[in-house]
Number of protein chains: 4
Amino acid sequence: MDNQVMEKPKLTVFNNLESEVRSYCRSFQTVFDKARNARLWDTQGNEYIDFFAGAGALNYGHNNEKIRQKLVDYMMQDGVTHSLDMATEAKETFLTRFQEVILKPRGWDHKVMFPGPTGTNAVEAALKIARKVTGRSTVLCFTNAFHGMSLGSLAVTGNSFKRQGAGVDLSHSVFMPYDGYFGDDVDTMAYMEKLLDDPGSGIPLPAAVIVEAVQGEGGLNAASGEWLQKLARICKDKGMLLILDDIQMGCGRTGPFFSFDDAGIEPDIICLSKSIGGFGLPMALTLMKPEIDIWEPGEHNGTFRGNNLGFVAAAAALNYWETEDFQLDIGIRENQIRESLDCIAKYYPQLSGEIRGRGLIQGFAFNKPELAGRLSEIAFEQGLIMETSGPHSEVAKLMPPLTIELDTLEQGLGIFINSVKQLAAEERLS
Amino acid sequence: MDNQVMEKPKLTVFNNLESEVRSYCRSFQTVFDKARNARLWDTQGNEYIDFFAGAGALNYGHNNEKIRQKLVDYMMQDGVTHSLDMATEAKETFLTRFQEVILKPRGWDHKVMFPGPTGTNAVEAALKIARKVTGRSTVLCFTNAFHGMSLGSLAVTGNSFKRQGAGVDLSHSVFMPYDGYFGDDVDTMAYMEKLLDDPGSGIPLPAAVIVEAVQGEGGLNAASGEWLQKLARICKDKGMLLILDDIQMGCGRTGPFFSFDDAGIEPDIICLSKSIGGFGLPMALTLMKPEIDIWEPGEHNGTFRGNNLGFVAAAAALNYWETEDFQLDIGIRENQIRESLDCIAKYYPQLSGEIRGRGLIQGFAFNKPELAGRLSEIAFEQGLIMETSGPHSEVAKLMPPLTIELDTLEQGLGIFINSVKQLAAEERLS
Amino acid sequence: MDNQVMEKPKLTVFNNLESEVRSYCRSFQTVFDKARNARLWDTQGNEYIDFFAGAGALNYGHNNEKIRQKLVDYMMQDGVTHSLDMATEAKETFLTRFQEVILKPRGWDHKVMFPGPTGTNAVEAALKIARKVTGRSTVLCFTNAFHGMSLGSLAVTGNSFKRQGAGVDLSHSVFMPYDGYFGDDVDTMAYMEKLLDDPGSGIPLPAAVIVEAVQGEGGLNAASGEWLQKLARICKDKGMLLILDDIQMGCGRTGPFFSFDDAGIEPDIICLSKSIGGFGLPMALTLMKPEIDIWEPGEHNGTFRGNNLGFVAAAAALNYWETEDFQLDIGIRENQIRESLDCIAKYYPQLSGEIRGRGLIQGFAFNKPELAGRLSEIAFEQGLIMETSGPHSEVAKLMPPLTIELDTLEQGLGIFINSVKQLAAEERLS
Amino acid sequence: MDNQVMEKPKLTVFNNLESEVRSYCRSFQTVFDKARNARLWDTQGNEYIDFFAGAGALNYGHNNEKIRQKLVDYMMQDGVTHSLDMATEAKETFLTRFQEVILKPRGWDHKVMFPGPTGTNAVEAALKIARKVTGRSTVLCFTNAFHGMSLGSLAVTGNSFKRQGAGVDLSHSVFMPYDGYFGDDVDTMAYMEKLLDDPGSGIPLPAAVIVEAVQGEGGLNAASGEWLQKLARICKDKGMLLILDDIQMGCGRTGPFFSFDDAGIEPDIICLSKSIGGFGLPMALTLMKPEIDIWEPGEHNGTFRGNNLGFVAAAAALNYWETEDFQLDIGIRENQIRESLDCIAKYYPQLSGEIRGRGLIQGFAFNKPELAGRLSEIAFEQGLIMETSGPHSEVAKLMPPLTIELDTLEQGLGIFINSVKQLAAEERLS
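These numbers were taken from a predicted model, which means no experiment stands behind them. (Residues numbered from 1 in each chain as written. Chains lettered and ligands numbered in written order. Predicted model: local features only at pLDDT ≥ 70, side-chain atom pairs only at ≥ 80, totals over all residues. Heavy atoms only, no water.)

1. Some points on the interface of chain D and chain C
- Opposite the 105 residues of chain D that make contact, chain C presents 105 residues.
- Overall, the association of chain D and chain C removes approximately 9,100 Å² of surface from exposure, summing both partners, and the carbon and sulfur fraction of that is 62%.
- On the chain D side of the interface with chain C, the three residues burying the most area are D:Leu17, D:Asp78 and D:Phe304, jointly 8% of the side's total.
- One salt bridge connects C:Glu18 with D:Lys91, and the closest N-O pair in it is separated by 3.0 Å.
- For the side of chain D that touches chain C, the element with the highest residue contribution is helix α4 (residues 65–76) of chain D, accounting for seven residues.
- Of the residues that constitute the side of chain D that touches chain C, the class distribution is 46 nonpolar, 33 polar and 26 charged. (Contact = heavy atoms within 4.5 Å. Buried area = accessible area lost by both parts, 1.4 Å probe. Salt bridge = Lys/Arg side-chain N within 4 Å of Asp/Glu carboxyl O. Helix = DSSP H or I, 4+ residues; strand = E, 2+ residues; numbered from the N terminus. Nonpolar A, V, L, I, M, F, W, Y, C, P; charged D, E, K, R; others polar.)

In structure tokens:
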């Protein structure tokens, strides 16, 4: 890869015709064309290793061949593509597979809702049903949470820049400190419980708590199992529903299928999207315990809740979870990444970064926030796509497809280390 | 078609595993499998004519072959499927084509935003930017409007059943009477203007007005061109933005590409989704006049706003609009449907139905609302898929793909007329 | 009265020390000192006739001697002044008298709540209990309504200037057109009923409707008896509570004790304040049908809900209502005022004013709104205090104490007519 | 005092005619009639010592003779009683005295607003102007805060029972932990600052912080001077306004005129009510730094904002503050109360009470909340009026007039101690 010498395609069309809201295309200034597993190519043939994976939507890589063939076959056989929420064979297959591979082994009997094809649809539906079931309106959420861009989801999202975008006051949500927010010594669940126990705290009894087991956009903050268990216990005690937003962290991103599997909790409601669609196709699920599933028919709907290509790809992707092999493969890659991060932490103490995250979403939180963005720039120049996260965009995030080949991962980590080296050199000069 | 004698597939899997929220699958109790243009088949081989067209998402029919081939070729050549909002060749092609075929002929220079792949994403983005541009929060909307299920869109949607689903009070919206709401004599725009002119009316100066040129879910109510022009003029006078939600009515459903083309207005913001994705694939656009496009990068985002299969299909579908032939074809079909409706109105005056709608979304509003649902049942038994709309589900809606073959249309209308006949017979007996 | 030659006292202290929010003292630039019945004197001895009557709080005149003596006696005998909501003899007397003189003759058994001593307290309490009883949150209110300045009352107040003062979006209220809002031909109650009957109107089933029988601040718009009866009937049909805000119009301002007495309706909740305190003392009542009185003890409270001087004065003032004499006296004065207005309307058609209101709150609505304010200025220069109202401050309002002596009224009307004459002269010149 | 043997008057009239919302009259089941300084008598002649003082509205005692004479003289000389916000001599005198006695000695130049005659009016006005000045909507408030019953004030009040009374979701407020909320070790201001510094915390930049220096209703929690200073500094740093609600704690209740005088802070906005009216008369002030006083004339108004009897009494009451003698007298009484409390804490450790509060608002917080209410009952039987506060009504509150004679105080404390003794005996038996 010799990207520096090759010319990049121009973005004239995008600059002229597309809205100013476009974002990532400003960081990664090229026009992509083709992609396979963890590699992308632009229209000039430049090659890139993908440590971003569609922000978690491409856990199974680009153009995963096993899935693609299923899709093409389905289409060529006149399979129904769009079906609203009518019954189709593709949906039947997905439902059956999801029960067999995901729910049954956990002893769960959650009902599956197709709330529309995006994460924010899944969250909006979760909030609605939690409010309906409890007859309450407030939802507790956490500092630096990210749950989506439509008004209901945005109200439980911490990022002030996104929130201001709403143009109206966001209501019916109360923010609590996430695990570790006040340092390791402070048990933020004890704090939350005190507020809920105190009739003078100003916090009404909530309908639900919505939480991510690892906060991706919020800076790769990971909740401990113990903290999640306490949260689940408090929810039960107070009659609040526990909504686990596993949109980004689910489908193996942190190792197991669900990011909270190791905590041993069974959330009342689970939101899935991003990689559930297997192939990068829009799809989302809201899972609910059966006793919560008190929807009236059509009380929530949406045109694209029956995206059958998504069902076909999703069913195929579930094959990865029939045995434990895939999780083991993820573990091997997790360690490889962690070693590189440890190495950097050791050799560049002057960058004073903190290692964050777990599974295949790990990163480096810089004390000087701007270093993360600069690192991403340098990496891109060298053919690696990686992004930042956190309230100050201070975390450089490594997030390859789970299916990345070991040598590609090695190659990508090499670029990453080189980029850190260059960053350190720049810092010395400045 | 002899559906009555053939057994229908069972919905056991759906009943057991899918949420109670499922809706259409209760009206159309079978499991669909294959589809081509305006025909569907279930897993038992029963055939159905589709007068529903994915609620407007399948204007170009099921498995449109011209589009499908482009999709399969793209996938097999490792085309990027999922790209967040990074620049891709597929998006570039779509943008270029959309400008050439849609914007330029109208003399428009709207910027194109990809707000996420569903209609409600497009509306949420429109509301956000309107509030940002004006610094105001209230949005005017209309009786029986339908704009989507996420909290921002739901606040401007009239249907009380859907609204109650929110579980919280919906705010920052004020409802105005749609064209004709108080009968033909009352100019509802004069009413709206009086309220806006009166500093004591309790109605704050709004950020925007959001409107459908024809209300699909609301019962096929069509606004006159004059009414839309007045609305556009008032918006201009008051410094409010005009948001035209053409999600269901756009892409030719009423004849021209935009449902408001004949009114000669140029909305500040236009929302498109459903059939814009060409093949039934999730995709949505929010178009904005350039001076409104004051988004900060990333102020609104979403994982699936870069659904490249959607771009590929959408670009292919725009070919239909290069000449006026397609609109003429739609006109022929429009007349055919209208004739059948006229005929029914004439021969079954006792059903006291009112003909509603235009283009390929026409229907029959019954005085006895339950007749519409019963008619849909009878039609389904005879192999025709059609749905109801309106606040009391009182409108039987005919909404085939725009590409429906003339003989299939004839056949479908035949079933429709037979069904009305049976309905009339049942009514006589009751 | 020769005010023009006498010097007015300076307002230096007020200009220096009091907030910019002060308002009436800018129109009536003097320092008042003494007052008796319908006359005021400033510290320089200038005399003024009062056609404003404390915006309706001084129906029984300034320093009403019968009431004053009771107050002074009470105080000198160590009567309890402040009692929170503890039981006192003064409150017992008031309650007993209110039942005897007001409730019993009407056959009503409303419970009496002391919600705090101001009108907005009475409205806030009314809204709370209506929401509690029905379990709903929306309250319907009317164009140009005025109900108070605290956040709950402001939400049902139409005036945009006052509303903007809130600094937050006001919610849970929906505005309906008041009687006559769209001209005499349009039945605005039919409109309201249609919206409530339509599940697609976007208007949720409300907890209550709050209404004034005559809108004082809103421009002296008077609802017909028929309109109020329809409103009461719709409220009953829909299970909404009818809240009658009689704060300004009650206590005889329009003739009978309640402004809606002639309509023959029995509102579920009635708000009283202003003149209920008899002597201009802060006091307010919220009356509720017994079945609505489901408050928990202390669920609404307030430090000054036990203002015993108010109770003493209020009980004394109720003596006016033991016979019909007082209402007859008001009628005589009403006619006297109406004659003057008719006379002006006849002789100054070029001012194109419309006579508004009834009882002892009548006025002149000018087509050129600024004339009302100018008229008030001229009148003040000549020793008459009168104010404007209406969304554009376009109504010159005549609102003397109900107890005004006939010759003082005559004298005041004389100044009024002179002032109109001067105004007409000015207009000719301009 | 031999109350036990004397019959109490019946509350039949109140039970029959007054709303169920009545509260204190249920605890103190008698009908009061007369009162002087710290003593009350019922209609049967039973005598009571008042350790409640109108919940802080009677700091200068019942029927304070110096003030009463001024009031009677004013009334008998035809002084204006009610003046809306017109200028009167009585108001001029009050303004002048308030500046001389209160503002000038502190070097302050706050403007004085008369927002209506109750505490909640003062708070509503404070919130409005803070939102207007900053253009922001959120207001920070504290756990167990109490600011009033109208919708704006209720939104910043912690008590869940009162909040539920609203019947709508209360918005635009965020609760922070008050000083000491998480124990003595946790600096709750550091917590608040972290949230405000973090763009991902979900807490928008607030318009203001509203705080009580001692929380009366919230359970006599007292903020330290250091905590208040930090709060003032953070407000300044962030451009938030500091609103000090001194409605209950001001006018000497805690010793100095303002409860926060010792902290040396100068709040941007100060709310006063209750005892500012001198004689128990409804009156309230909102003080604002001049640069904040950007009200438009009449942007906030209210019928009773010109209660001249309040001005007369308030001006007279300010005489107490011309020298330091009054504060010294309060100090003597403070110590006397503290000694009694210490004594009880020492001799009845089994009641495990915690001494709370300062100045002449001190009390005993019981671990078993119901003991506080029982103690109040016992005390009332013995002729002492005292109330409870705190989220669980767990604090027995001693709150006599500041002017209480030393021997009456002694007598009252004697009853208090006897009551505790009886309570302890009951507890032993149970």
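2. Focus on the relation of the copies chain D and chain C
- Least-squares fitting of chain D to chain C yields an RMSD of 0.0 Å, with the transformation described by 0.0 Å of translation along the axis and a rotation of 180 degrees. Both chain copies can therefore be described as sitting about a two-fold axis. In terms of C-alpha distance to the rotation axis, chain D has D:Leu151 as its closest residue, with the C-alpha 2.6 Å off the axis.
- Mapped onto chain C, 100% of the interface residues of chain D are again interface residues, and the two copies thus contact each other with one and the same surface. (Least-squares fit on C-alpha atoms with pLDDT ≥ 70 in both.)

3. Some thoughts on the sheet that holds strand β14 (residues 361–366) of chain A
All names here are of chain A.
- Strand order in the open sheet made by the four strands is β13-β14-β17-β16, with antiparallel pairing throughout. Single-partner strands in this sheet number two, and they are β13 (353–358) and β16 (387–389). Averaged over all pairs of adjacent strands, the angle between strand axes in this sheet comes to 30 degrees, irrespective of strand direction.
- Each of β14, β16 and β17 (395–398) is contacted by helix α13 (residues 370–381), which is oriented at about 165 degrees to β16, the strand it contacts most. (Pairing = 2+ DSSP bridges. Axes fitted to C-alpha atoms, helices over the stretch in contact; angles between N-to-C directions.)

4. Here we look at a negative patch on the surface
Residue and element names in this part refer to chain A.
- Together, Glu 339, Asp 342, Glu 405, Asp 407 and Glu 410 make up a negatively charged patch on the protein surface.
- Broken down by secondary-structure element, the contributors of at least two residues to the negative patch are α12 (325–347) and α14 (406–429).
- When you line up the elements, Asp 407 lands in helix α14.
- What makes Asp 407 exposed here is its relative accessible area of 55%. (Patch = residues over 30% accessible without salt bridge, like charges linked within 9 Å, V, L, I, M, F, W, Y side chains within 5 Å. Areas by Shrake-Rupley, 256 points an atom, 1.4 Å probe, with all protein chains shown as cover. Lys, Arg positive; Asp, Glu negative; His and termini not counted. Charge placed at Lys NZ, Arg CZ, Asp CG, Glu CD. Buried < 20%, exposed > 50% of the residue type's maximum accessible area, 1.4 Å probe, protein only.)

5. So, the pattern of salt bridges
- Scanning the entire structure with this criterion turns up 100 salt bridges over all chains.
- With its nearest N and O atoms 2.7 Å apart, the salt bridge here joins B:Arg374 to B:Glu426. Linking B:Arg374 in helix α13 (residues 370–381) with B:Glu426 in helix α14 (residues 406–429), this pair joins segments that are 52 residues apart in sequence.
- Taking the relative accessible area as the measure of exposure, B:Arg374 reaches 23% and is therefore partly exposed.
- The exposure class assigned to B:Glu426 is partly exposed, which follows from its relative accessible area of 25%.
- Between D:Glu427 and D:Lys368 there is a salt bridge; the shortest N-O distance is 2.8 Å.

6. Notes on the interface of chain A and chain B
- The interface is formed by 105 residues belonging to chain A together with 105 residues belonging to chain B.
- Counting the surface chain A buries against chain B, the share from its top three residues, A:Leu17, A:Asp78 and A:Phe304, is 8%.
- For A:Arg36, the salt bridge goes to B:Asp78, with nearest N and O atoms at 2.3 Å.
- One can count 45 residue pairs in polar contact (both at pLDDT 80 or more) joining chain A with chain B.
- For the side of chain A that touches chain B, the element with the highest residue contribution is helix α4 (residues 65–76) of chain A, accounting for seven residues.
- When the residues that make up the side of chain A that touches chain B are grouped by side-chain class, the tally is 46 nonpolar, 33 polar and 26 charged. (Polar contact = N/O pair within 3.5 Å; in protein donor to acceptor, adjacent residues only side chain to side chain.)

7. Points about the relation of the copies chain A and chain B
- Take chain A, turn it by 180 degrees, move it 0.0 Å along the axis, and it overlays chain B with an RMSD of 0.0 Å.
- A high fraction, 100%, of the interface residues of chain A reappear at the interface in chain B, so the copies pair face to face through one surface.

8. Some details on the pairing of strand β14 (residues 361–366) of chain B
Residue and element names in this part refer to chain B.
- Along β14, six of the six residues are buried, which leaves the element largely enclosed by surrounding structure.
- Of the two faces of β14, the one lined by Ile 361, Gly 363 and Ala 365 and the one lined by Gln 362, Phe 364 and Phe 366 are each fully buried.
- Judged from the six bridges that link them, strand β13 (residues 353–358) and β14 form a sheet pairing that is antiparallel. Of the residues in β14, the one forming a bridge with Arg 356 is Gly 363.
- Hairpin remark: β13 followed by β14, antiparallel, with two residues in the connecting loop; positive phi at Gly 359, about 65 degrees.
- Bridge analysis of β14 against strand β17 (residues 395–398) gives four bridges, and the strand direction is antiparallel. Considered in β17, the bridge of Gln 362 is made with Leu 398.

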